[in-house]
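Report on the structure
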Amino acid sequence: MLKAAKAYLSTQVSTASKGDLLLMLYDTAIKHLKLAAEKIVEKDYAAKGILISKAIAIISELQESLNKELGGDVTKNLFQLYFICNTKLLSANIQMNAALVEEVIGILSGLRQAFAQII
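An account of the accompanying structure is given in this report. A quick note: this is a predicted structure, and the numbers were derived from the prediction, not measured. (Residues numbered from 1 in each chain as written. Predicted model: local features only at pLDDT ≥ 70, side-chain atom pairs only at ≥ 80, totals over all residues. Heavy atoms only, no water.)

Considering all chains together, one arrives at three salt bridges under this definition. Residue Asp27 is joined to Arg112 by a salt bridge in which the shortest nitrogen-to-oxygen separation is 2.5 Å. Of this pair, Asp27 sits in helix α2 (residues 18–42) while Arg112 sits in helix α5 (residues 98–118), placing them 85 residues apart in sequence. For Arg112, a relative accessible area of 24% translates into the label partly exposed. The partner of Lys88 in a salt bridge is Glu103, and the shortest N-O contact between them spans 2.7 Å. Of this pair, Lys88 sits in helix α4 (residues 72–95) while Glu103 sits in helix α5, and the two are 15 residues apart along the sequence. A relative accessible area of 22% places Lys88 in the partly exposed class. For Glu103, a relative accessible area of 39% translates into the label partly exposed. (Salt bridge = Lys/Arg side-chain N within 4 Å of Asp/Glu carboxyl O. Helix = DSSP H or I, 4+ residues; strand = E, 2+ residues; numbered from the N terminus. Buried < 20%, exposed > 50% of the residue type's maximum accessible area, 1.4 Å probe, protein only.)

Okay, here's the thing in structure tokens:
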């Protein structure tokens, strides 16, 4: 079953448009952060760290994929927003602070919703 799920996901990613991939990245980061917030409450610090690290990696990928030459102010603002998100997540990871994780979930959810409307 796991092999079939991986094959399905691989096909889904390889056939998705750039817009759909962007939404998948947001969805996955948000999912990891929701689970991380739960793990903080449960005091499962190892799992929390892994989940936050995965979200940071996704946000870093989003940040690095910005077209700095053509994006203008929008790109600069998104770059800063992603930087703020990752900074908050690093603090949340160290401080075991679910509220900071929830802040980032709010930011990413807002961006996801905006991009979904554009797409």
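After that view, the rundown keeps rolling.
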